[in-house]
Amino acid sequence: AQSVTQPDIHITVSEGASLELRCNYSYGATPYLFWYVQSPGRGLQLLLKYFSGDTLVQGIKGFEAEFKRSQSSFNLRKPSVHWSDAAEYFCAVGTLNNDMRFGAGTRLTVKP
Amino acid sequence: GAVVSQHPSRVICKSGTSVKIECRSLDFQATTMFWYRQFPKQSLMLMATSNEGSKATYEQGVEKDKFLINHASLTLSTLTVTSAHPEDSSFYICSARDPGHTNTGELFFGEGSRLTVL
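Here is what the cut-offs are and how they apply
Residues numbered from 1 in each chain as written. Chains lettered and ligands numbered in written order. Predicted model: local features only at pLDDT ≥ 70, side-chain atom pairs only at ≥ 80, totals over all residues. Heavy atoms only, no water. Contact = heavy atoms within 4.5 Å. Buried area = accessible area lost by both parts, 1.4 Å probe. Salt bridge = Lys/Arg side-chain N within 4 Å of Asp/Glu carboxyl O. Polar contact = N/O pair within 3.5 Å; in protein donor to acceptor, adjacent residues only side chain to side chain. Helix = DSSP H or I, 4+ residues; strand = E, 2+ residues; numbered from the N terminus. Nonpolar A, V, L, I, M, F, W, Y, C, P; charged D, E, K, R; others polar. Disulfide = S-S within 2.5 Å. pLDDT = per-residue confidence, 0-100. Buried < 20%, exposed > 50% of the residue type's maximum accessible area, 1.4 Å probe, protein only. Pairing = 2+ DSSP bridges. Axes fitted to C-alpha atoms, helices over the stretch in contact; angles between N-to-C directions.

## Quick word on the interface of chain A and chain B
On the side of chain B, 21 residues touch chain A, which itself brings 22 residues to the contact. The contact between chain A and chain B buries some 1,700 Å² in all, and 54% of this surface belongs to carbon and sulfur atoms. Linking chain A to chain B there are 2 salt bridges. The salt bridge involving R101(A) is made with E59(B); its shortest N-O contact spans 3.3 Å. Our count for the contact surface shared by chain A and chain B stands at 7 residue pairs in polar contact (both at pLDDT 80 or more). Among the elements of the structure, β5 (32–38), β6 (44–50) and β11 (100–102) of chain A are those that each provide at least two residues to the side of chain A that touches chain B. At 4 residues, the largest contribution of residues to the side of chain A that touches chain B is made by β5(A). Across the side of chain A that touches chain B, the residue classes break down as 11 nonpolar, 7 polar and 4 charged.

Shown next as structure tokens:
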């Protein structure tokens, strides 16, 4: 079965600084990988996804993520963080026919 | 993109009562929907897979008699929390797979329903 690990529970960065959120997955076949963002008390918003092709994927709000099969990773990056990026970020792994499994989440705090 | 809607977004009930949450796919038909539960400051945990026209498949540790799932049509799945207790208070999120997006494995999520049991 697929699983996801997000090693960082909480990250604080200054506004304007770069950001990298880590995600490692475990799955026997080629995974379908996703990053979602969740604001307090709200649903999930898809930032980006990878299912094939170019391993560097671009998402909304200036986010990007790189799939590295050798490291079983799918880290999320943003070159310059905005205060509005403060939220909870979830990495998820899915398959064609089954459900989606989520990491524990990383809470991002942005300092002014 | 595909839209999934949940109702109600917030519900408060007394202990011992039952609460029904609806999940609808608005612009596509979903043979399978998924119900997740999220406790404060925690991740989403899959509760069950809802299959249209058949019984739901529950994850280990989820009480099927407590969390009744009905998927009577291709656009509607319902989750009923029976005899709710304060420990059932949580954020419940449903999702569905759009047949038009099956090549990406993507699920489309509802806005979530926050249940508070007094």
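## Quick notes on the state of the cysteines
Residues and elements named next belong to chain B. Applying the stated criterion to the full structure yields 2 disulfides over all chains. Residue pairing for C23: its cysteine sulfur links by disulfide to C94, the two sulfurs lying 1.9 Å apart. An S-S torsion of about 80 degrees defines the bridge between C23 and C94 as right-handed. Taken as a pair, C23 in strand β3 (residues 19–25) and C94 in strand β9 (residues 90–96) lie far apart in primary sequence, 71 residues in all.

## Quick word on the confidence of the model for chain A
Taken residue by residue, chain A gives an average pLDDT of 92. The fraction at 70 or more is 98%. Mean pLDDT per element in chain A: β11(A) is the minimum at 90, and strand β3 (residues 19–21) of chain A is the maximum at 98.

## Looking at the pairing of strand β2 (residues 10–13) of chain B
Residue and element names in this part refer to chain B. Taking every second residue as pointing to the same face, the buried face of β2 carries V11 and C13, while none of R10 and I12 on the other face is buried. Across 4 bridges, β2 lies against strand β11 (residues 113–117) in parallel orientation. The residue of β11 that forms the bridge with R10 is R114.

## Comments concerning the pairing of strand β2 (residues 10–14) of chain A
Residue and element names in this part refer to chain A. Burial along β2 is one-sided: I11 and V13 are buried, while H10, T12 and S14, pointing the other way, are not. Of the strand pairs in this sheet, β2 and strand β12 (residues 106–111) are connected by 5 bridges, and their pairing is parallel. Counterpart to I11 in the pairing with β12 is L108.

## Brief notes about the sheet that holds β3(B)
All names here are of chain B. An order of β1-β3-β8-β7 is seen for the 4 strands of this open sheet, with the pairing classed as antiparallel. In this open sheet, the two strands that pair with only one neighbour each are β1 (4–7) and β7 (67–73). Adjacent strand axes in the sheet meet at a mean angle of 15 degrees, parallel and antiparallel pairs treated alike. Bridge count for β7 against strand β8 (residues 76–81) is 5 bridges, and the pairing is antiparallel. If you follow S73 over to β8, its bridge partner there is L76.

## Details of the pattern of salt bridges
All names here are of chain A. Per the stated rule, a full pass over the model turns up 8 salt bridges over all chains. D8 is the partner of R22 in a salt bridge, and the nearest nitrogen-oxygen pair spans 2.9 Å. With a gap of 14 residues between them, R22 in the loop between β3 and β4 (24–26) and D8 in the loop between β1 (3–5) and β2 connect regions that are remote in the sequence. The closest approach of N and O atoms between E66 and R77, which form a salt bridge, is 3.4 Å. Residue E66 is located in strand β8 (residues 64–68), and its partner R77 is located in strand β9 (residues 73–78); the two are separated by 11 residues in the primary sequence. By relative accessible area, E66 is classed as partly exposed at 23%. Given a relative accessible area of 23%, R77 falls into the partly exposed group. The network of salt bridges with shared partners includes E64, E66 and R77.

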